Amino acid sequence: MDILFDNLPGLLIAIPLLGAFLTPLLSRAGDSVRNTWVLIITGLSSVCGLLVASRVLETGTIVYTFGVNTVSNIIPPDSGGIPIRIIFTIDPMNAFMLIIAAIVGFCITLYSVSSMEKLSGKDGFFTLVLLLIAGVYGMIATGDLFNFFVFLEISSLAGAALVAYRIDKGVAAEAGLKYAALSTIGGMLFLVGVGLLFAQYNSLNMAVIADRMQLTGLDIIAFVLFFTALAMKCGAVPMHFWTPDSYAMAPSAITAFLVVSSQASLYALFRVCFTLYGGQINPLTVGWVIIILGILSMFIGVTMAIPQKDVKRLMAYHAVSQTGYMLLGVGVGLAALSSTCLSQSIGIMALKGGLFHIMNHALYKGLLFLTAGVIFYRCGTRNLNQLGGLGHNMKWTMVFFMIGALAIAGIPPFNGFASKLMIYESTFLFNPLLAVIAMVVSILTLASFVKVFHSMFMGPKLPEYEDVKEAPTPMLIAMGILAILVVLFGIFPQQVVDALVAPAASALIDYQGYITAVLGGA
Amino acid sequence: MIDNLPFLVVAITILLGLYAILLRKDLIKMIMGISLLESGVNLFLIALGYRWDSIAPIFTGAPSLAMVMPTVQALTLTSIVIGVATLALLLSMVMIIYRYYRTTDVREVTKLQG
Amino acid sequence: MSDSMSKIIRTTADVMFMFIVVFGFYIVLHGHLTPGGGFQGGAVIATGFILLIVAHKLDDFLGWFKKKAFQNFEMSGLVLFIGTALAAIPLGYLFFRNFLCGTGGLFGQVVPYGINPGFLNTAGTIPIMNIAVGIEVLGGLSIIILYMTSGISNHEEGE
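Residues numbered from 1 in each chain as written. Chains lettered and ligands numbered in written order. Predicted model: local features only at pLDDT ≥ 70, side-chain atom pairs only at ≥ 80, totals over all residues.

### Thoughts on the overall build of chain A
Move 1: The helix and strand inventory of chain A stands at 20 helices and 2 strands.
Move 2: Here chain A has a C-alpha radius of gyration of 22 Å; the compact-globule value for 522 residues is 24 Å, and the two agree.
Move 3: Counting only C-alpha atoms and orienting by the principal axes, one finds that chain A spans roughly 70 × 60 × 40 Å.
Move 4: A buried classification covers 65% of the 522 residues belonging to chain A. (Helix = DSSP H or I, 4+ residues; strand = E, 2+ residues; numbered from the N terminus. Rg over C-alpha atoms; globule rule 2.2 N^0.38 Å. Buried ≥ 20, exposed ≤ 12 C-beta atoms within 10 Å, placed from the backbone.)

### What about the overall build of chain B?
Move 1: If you tally the helices and strands in chain B, you get 3 helices and 2 strands.
Move 2: Ordered by position from N to C terminus, the α and β elements of chain B give α-α-β-β-α.
Move 3: A globule of 114 residues ought to have a C-alpha radius of gyration of about 13 Å, yet chain B, at 20 Å, is considerably larger.
Move 4: The buried share of chain B, reckoned over its 114 residues, is 31%.
Move 5: A fraction of 48% describes how many contacts in chain B between residues 6 or more apart in sequence connect residues 24 or more apart. (Contact = placed C-beta atoms within 7 Å.)

### Thoughts on the UniProt feature "transmembrane region" (unreviewed entry) in chain B
Residue and element names in this part refer to chain B.
Move 1: Here, UniProt's "transmembrane region" (unreviewed entry) annotation points to residues 6–23, 30–52 and 72–98.
Move 2: Helix and strand shares over residues 6–23 are 100% and 0% respectively, and the end C-alpha atoms of the span are 25 Å apart.
Move 3: The annotated region residues 30–52 carries 83% helix and 0% strand content, and the separation between its end C-alpha atoms amounts to 37 Å. (UniProt positions renumbered as here; feature names shortened; annotations may be inferred.)

### Observations concerning the interface of chain A and chain B
Move 1: Contact residues are listed per partner, giving 29 residues for chain A and 29 residues for chain B.
Move 2: Mapped onto the side of chain A that touches chain B, the elements with two or more residues apiece are helix 6 (145–163) and helix 7 (171–201) of chain A.
Move 3: Tallying contributions element by element places helix 7 of chain A first for the side of chain A that touches chain B, with 16 residues.
Move 4: A per-class count over the side of chain A that touches chain B returns 20 nonpolar, 5 polar and 4 charged. (Nonpolar A, V, L, I, M, F, W, Y, C, P; charged D, E, K, R; others polar.)

### Side note on the packing of helix 3 (residues 31–59) of chain A against helix 4 (residues 92–115) of chain A
Residues and elements named next belong to chain A.
Move 1: At a closest axis distance of 8 Å, the pairing of helix 3 and helix 4 adopts a crossing angle of 165 degrees. Here helix 3 lies roughly antiparallel to helix 4, going by the angle between them. In this structure, helix 3 meets helix 4 at a crossing whose hand is left-handed. Residues N35, V38, L39, T42, G43, S46, G49, L50, V52, A53, V56 and L57 of helix 3 lie in contact with helix 4, whose contacting residues are P92, A95, L98, I99, A101, A102, G105, F106, T109, L110 and V113. (Axes fitted to C-alpha atoms, helices over the stretch in contact; angles between N-to-C directions. Parallel < 35°, antiparallel > 145°, perpendicular 65-115°, else oblique. Left-handed = near helix turned anticlockwise from the far one by under 90°.)

### Observations concerning helix 6 of chain A
Move 1: With 19 residues, helix 6 of chain A extends 26 Å from end C-alpha to end C-alpha; this agrees with the ideal 27 Å at 1.5 Å per step.
Move 2: Burial analysis of helix 6 of chain A places 19 of its 19 residues in the buried class, which makes it a mostly covered element. (Expected span 1.5 Å × (residues − 1).)

### Focus: the environment of A:I358
Residue and element names in this part refer to chain A.
Move 1: For I358, the position within the fold is in helix 14 (residues 344–379).
Move 2: Spatially, the C-alpha atom of I358 lies 8.6 Å from that of M97, the residues being 261 residues apart in sequence.
Move 3: If near-sequence neighbours (up to four positions away) are discounted, I358 is found in contact with I100, Q263, L266 and M326.

### Points about the interface of chain C and chain A
Move 1: Counting residues at the interface gives 20 residues for chain C and 25 residues for chain A.
Move 2: A class-by-class count of the residues in the side of chain C that touches chain A yields 11 nonpolar, 6 polar and 3 charged.

### Some thoughts on the pairing of strand 1 (residues 62–65) of chain A
All names here are of chain A.
Move 1: Here strand 1 shows a buried face lined by I62 and Y64 and a second buried face lined by V63 and T65.
Move 2: Sheet analysis places strand 1 next to strand 2 (residues 87–90), joined by 4 bridges and oriented antiparallel. What sits directly across from V63, in strand 2, is T89. (Pairing = 2+ DSSP bridges.)

### Examining the UniProt feature "domain: NADH:quinone oxidoreductase/Mrp antiporter transmembrane" (unreviewed entry) in chain A
Move 1: What UniProt calls "domain: NADH:quinone oxidoreductase/Mrp antiporter transmembrane" (unreviewed entry) maps, in this numbering, to residues 143–444 of chain A.
Move 2: Taken as a whole, residues 143–444 of chain A contains 79% helix and 0% strand, while its terminal C-alpha atoms sit 39 Å from one another.

### Remarks on the confidence of the model for chain B
All names here are of chain B.
Move 1: Per-residue pLDDT for chain B averages 83, and the proportion of residues at 70 or more is 92%.
Move 2: The least confident element of chain B, judged by mean pLDDT, is strand 2 (residues 66–67) at 74; the most confident is helix 2 (residues 27–48) at 90.
Move 3: Scored by ipTM, the complex comes to 0.91, with pTM at 0.91. (pLDDT = per-residue confidence, 0-100.)

### Some words on the environment of A:Y179
Residue and element names in this part refer to chain A.
Move 1: On the secondary structure map, Y179 appears in helix 7.
Move 2: Measuring from C-alpha to C-alpha, the distance between Y179 and P413 comes to 36 Å, with 234 residues separating the pair along the chain.
Move 3: Dropping the residues within four chain positions of it, Y179 is found in contact with G159, A160, V163, W242 and S246.

### A look at the nonpolar core
Move 1: A:L367 and A:V486 are the most contacted members of the largest nonpolar core, which has 294 residues in total.
Move 2: Dropping the residues within four chain positions of it, A:L367 is found in contact with A:F400, A:I403, A:G404, A:M479, A:L482, A:A483 and A:V486. (Core = buried A, V, L, I, M, F, W, Y, C linked by C-beta atoms within 7 Å.)

### Thoughts on helix 20 (residues 511–519) of chain A
Move 1: Among the residues of helix 20 of chain A, those classed as buried are A:Y511, A:Y514, A:I515, A:A517 and A:V518. Buried residues of helix 20 of chain A fall within an arc of 160 degrees about the axis and therefore sit on the same side. (Arc of directions from axis to C-beta.)

### Details of the packing of helix 14 of chain A against helix 18 (residues 473–491) of chain A
Residues and elements named next belong to chain A.
Move 1: Packing of helix 14 against helix 18 brings their axes to within 9 Å, and their N-to-C directions diverge by 150 degrees. Of the two elements, helix 14 crosses helix 18, and the hand of that crossing is left-handed. Here N360, L363, Y364, G366, L367, L370, T371 and V374 of helix 14 lie close against helix 18, whose contacting residues are M475, A478, M479, L482, A483, L485, V486 and F489.
Move 2: Within the contact of helix 14 with helix 18, the residues separate by chemical class into 13 nonpolar, 3 polar and no charged.

### Brief notes about the environment of A:G354
Residues and elements named next belong to chain A.
Move 1: Its place among the elements puts G354 in helix 14.
Move 2: The exposure class of G354 is buried, given the 31 C-beta atoms found within 10 Å.
Move 3: Residues in contact with G354, not counting those within four places in the same chain, are M326, L328, G329, V330, G333 and I423.

### Quick look at unusual backbone geometry
Move 1: Positive phi is not limited to glycine here, since A:L215 has a value of about 55 degrees.
Move 2: Positioned with a positive phi, B:R102 is a non-glycine residue whose angle comes to about 60 degrees.
Move 3: Within the fold, B:R102 resides in the segment after helix 3 (71–101).
Move 4: Residue classification places B:R102 among the exposed residues on the basis of 9 C-beta atoms within 10 Å.

### Here we look at the confidence of the model for chain A
Move 1: Scored by pLDDT, chain A comes out at a mean of 84, with 96% of its residues at no less than 70.
Move 2: Highest mean pLDDT in chain A belongs to helix 6 of chain A (90); lowest belongs to helix 1 (residues 2–6) of chain A (73).

Pasting the structure below:
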């Protein structure tokens, strides 16, 4: 048992990979065998993720080195003091992201087991889903820049193939091509940045580079490359154009996980700003750049969302807009922490708000995309003008949609309100104008979702959807888990913040602690 | 100057790739641009790995000089493998698009706008 | 690829195929001693299959080699790879530990000091992983080309 527990970070990647590679074999034994297998594998990996996270929150940063004899929390002696080996570094920030990926990963698999029933080529689909999950876990857990690139590419390739999975007369392939091309270009920019850092510091390990960071001209170029690539991957505004296409065309369960994958890129962006260049870059400048990106994302995302007819496209633009909130929170945090005239607590509060919003967004946006998937599954269209009166037959879906919509709009008893309030409060003290913009965007979001809700669920029964049925039970369970979490996190925000978000925020700020954890006090 | 020649080639390759991605109107040519970009990056990594007056890291009977870490070679190999996978994926998507749209011109592959 | 090429090309391809495959396996097996390795060798072997596809009719080719065979290659290679990495955990080491190195058994010899012609029976799990990757790549690349030529593209996997 001890061995198993020591190896949990490794199993995090190993279980989904093994599951992915065995899926084609097991699908020859029949659909139900394959579905059970996929569920067991995702269940196990989610349990793994949660266990790792809880261990990290209990005992502090875990450093897991691949291919050594025994577990040790510092670098093994045979690598000469420099971590040449591949390592996973999991500190509370990573643990926080792991929890998100574990919850959403399990829900989407449960959902897609029944939502994919009618389609062909399912063994490939589930292989890719498991690869996507493994890629996202890897992106979150790794402590090595090049490894991050590899997992980034694994998740973007699997994601692109999944976006194009329902070919849909070539339209989905178009979206997939856009996503794949963009991800590849982003990945290449990232790799150039990694090369620039490796050339100067002879290491790929984030902690070592952070320790040796001099902030030369080349480092600044590398920073810009990292920033561009990761902002592109997380769908912030100037590079957001792939988001609506790929989110709208992907199967809904995949969209829910693509959101998490974007947030893994967002996490990496924060990791680069806070840890890799920790204390070296000018926090005010970078903070303001992040704030401006955030404001632009918020505003452009929501204004583009309002006129959309396709419900998933609309939600995708809202995803861009919500990404803006996270950027705003963390950007304000970065800028306020460095400022001398503001107290530190404002910065930490903003940072916590931004991070908490990541988790909340993954939950409620996943829920919303899954409800949109149910509508598409039952009615065969996503066009808002053709839908209507579904509330009579799809009561649970309506309730789940309502929970998600109220949470995204920041209405009190739901989790969106909790994180948005933290962002408003701290941003208002930092710069009142930013808070006003954020509130206006929130109101526009509410307006947009009221429209969607009304046109989908309200009104008389339409003749073509006379006998439309409620979603199958596994899909309802998957949505139910997310909905319960949305409500719980809304009712007990303080407990969640204290247990998960506050350690994550302080781990993100404390780059010295990260370096010490990996290099062993050297 | 002669030391920087590889980096000059890298810059030219990457710029050519970006040119093809941004300005060419054909999907296949864009993918060729992505491929060029990848080659440029791979060349960049390999060029970084060269250190003067050092030897290859083969331990048996080696002269006692500084050894070069073979990390970049490993990076480049990984990056090439990923490049192959990306290329296959992109090309198969273009094939699907061509089957339905009968064109690979980016100005006509625009069913998703708006 | 509906037409096959001329007889000269077909015969040459048939003859070359064997050499290409043998050379590919040489690269795979010597991955830990010489430049090359699983991916490169697997790519060379896949080139041999692609040569056959190009030279002959696709239907003829599918009569000799089934798609399922390549899928099996791909899958078994991947499972062997991840299985080798995972096997370290029950043995009490960490994931990816080279547990065969220096044990004296299969691939477990220690490399002797000095200039030598290269001993295959060294390097622990690395040759096993090379073989796994070789099998996987030969299946994967061949299946990509097969799907592309036959135009069947319900879904595509990269690697």
